[in-house]
Amino acid sequence: MITVKAGIVGFGYMGHFHLNKIRRLDGIEVKAAYDVRPEALQDAEREGLEPVGSLEKFLNQDLDLVLIATPNDVHAKLAKAALDAGKHVMLEKPAAMNAAEFEQVMDCAENAGKLLTVHQNRRWDVDYQVVKEVICSGEIGAVTSIESKVLGERGVCFGWRADPKAGGGMLYDWAVHLIDQYLQLFEGHKVKRVSARLLSILTPAVDDFDDIELIFDHGISAKVVISTFALQRQPRWFVYGDRGTLKLDDFSGRAGGMARIRQGISGFDRVTDTMGPTRTMAPLKPEQVEVLPLPEVSEEPLAFHRNLRDAILGKETLFVAPEETLRVMKVMDAAFESARAGQSIFVDL
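Just so it is clear, the structure is predicted and the values come from calculations on it, not from any experiment.

Enquirer: Can you help me understand the packing of aromatic side chains in this one?
Expert: Each aromatic ring pair is characterised by the separation of its centres together with the angle its planes make. Enumeration over the complete set of coordinates arrives at 10 aromatic pairs. Measuring from centroid to centroid gives 6.0 Å for tyrosine 34 and phenylalanine 58, while their planes differ by 35°, and the two rings are tilted. One end of the pair, tyrosine 34, is in strand β2 (residues 28-34); the other, phenylalanine 58, is in helix α3 (residues 55-59), with 24 residues separating them in the sequence. According to the relative accessible area criterion, phenylalanine 58 is buried, its value standing at 0%.

Right, here's the structure in full:
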């Protein structure tokens, strides 16, 4: 079988992640790792890879694919160097520091005739797949608003993610995934407005609390909330439909619930003492609500890397196309602009 020969640039946490994924696949093998840190090179050698401390020497290796897993600020520079050396390139997210920078990388890939993709692995997360299936099924009616939240407890941006020069902060680290999920979820619809608050609460130099809203051309509001310091839980997903509601509590896609109003139910007169005199907000009677099972979705932990291998071998097209990544970057640029200006940014993306 033809084997895709791969090398990793940046042999840290995510470098190991990609190595472990690829080792579970036939037809692709990691041969070498480049890093500027001696301890990372020692680690690469222990893993059976050729450790390379020079980028020039690394790019002269007999490699088909370069996987770049470095701090964000050097993604574009390294990608262009690898493409110019005739290698296919996979970039960790974010692909670059802004859309203009990534467009330069795309130009290099086109000129070199090589594949370029970005590790948007959270398209295959079980919780996201459940949300996607529910919305596509219409079980809760037409969606009016959706909330996607990722909340941590430690109050820190780990390592270089706290360094603005390295491209730290939660918009680059997490929002890039959640924005990509929304753009895939509402494929065929354009983002028309972006509003963002990016706060530095416990990490002074970078955003550690993000509150972002995207308004699409079909009127749906899609919110992203990310915080590194939240000691009480909120749902991972909350989806409002015009006949029902979906709530997912965590990334498992199995905790939470879904319910919709029963057909033919209209007009509610029940009053509850606990809320005071209100009919508008009084809860429904159990017989008026239909509790629905959450869909069961299979995990696909190797989908991204398998597709990358097969695309290089000419068997498939890339799941994560550069044009899709460019759109994500443009939305992120608008979010940064909105936060700086303190107002919504009108776009056509």
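Now that the structure is up, let's keep going.
Enquirer: How should the nonpolar core be read in this particular structure?
Expert: If you look at soluble globular proteins, the nonpolar side chains tend to sit buried side by side. Formed by 81 residues in total, the largest nonpolar core has its most connected members in Phe102, Ile146 and Tyr182. No other element matches the 11 residues that helix α7 (residues 170-185) contributes to this core. Counting residues in hydrophobic clusters, the runner-up holds 25 residues, among them Leu49, Leu65, Ala303 and Ala311.

Enquirer: Hey, could you run me through helix α9 (residues 322-341) in this one?
Expert: Two residues of an α-helix separated by three or four positions point the same way, owing to the 3.6 residues in each turn. Compared with the 28 Å implied by 1.5 Å per residue over 20 residues, the 29 Å span of α9 between its first and last C-alpha is a close match. Residues Pro322, Thr325, Leu326, Val328, Met329, Val331, Met332, Ala334, Ala335, Phe336 and Ser338 constitute the buried set of α9. For α9, the secondary structure elements touched by its buried residues are α5 (99-112), β6 (116-118), α7, β8 (191-199), β9 (209-216) and β15 (345-346). Positive backbone phi, at 70°, marks glycine 342, one or two positions downstream of α9.

Enquirer: How should the pattern of salt bridges be read in this particular structure?
Expert: For side chains bearing opposite charge, pairing can occur when the charged atoms are close. Tallying each qualifying case throughout the model produces 21 salt bridges. Linking lysine 93 and aspartate 173 is a salt bridge whose minimum nitrogen-to-oxygen distance equals 3.0 Å. On the criterion of sequence distance, the pair formed by lysine 93 in the loop between β5 (88-91) and α5 and aspartate 173 in helix α7 is long-range, its members being 80 residues apart. A network of salt bridges, in which partner residues are shared, links Lys5, Asp62 and Asp64.

What counts as what
Counting restarts for each chain: residues are numbered from 1 in the order of the written sequence. Per-residue local features of the predicted model are confined to residues with pLDDT of at least 70, and side-chain atom pairs are confined, for both listing and counting, to 80 or more; whole-chain, interface and lining totals are unaffected and use all residues. Side-chain metrics rest on all non-hydrogen atoms present in the structure, leaving aside hydrogens and water. Only Phe, Tyr and Trp rings are paired, with Trp represented by its six-membered ring, and only when their centres lie within 6.5 Å; those with planes under 30 degrees apart are stacked, over 60 edge-to-face, the remainder tilted. Going along the chain from the N terminus, every DSSP run of H or I of four or more residues is numbered as a helix, and every run of E of two or more is numbered as a strand. Between buried and exposed lies partly exposed: a residue is buried under 20% and exposed over 50% of the maximum accessible area for its type, with that area taken using a 1.4 Å probe on protein chains only. What makes a nonpolar core is a set of buried Ala, Val, Leu, Ile, Met, Phe, Trp, Tyr and Cys residues whose side-chain atoms join them at distances within 4.5 Å. Expected span, for any helix, means 1.5 Å times one less than how many residues it has. Only heavy atoms matter for contacts: two residues are in contact if any of them lie within 4.5 Å across the pair. The term salt bridge refers to a pairing of a side-chain nitrogen on Lys or Arg with a carboxyl oxygen on Asp or Glu at a separation within 4 Å.

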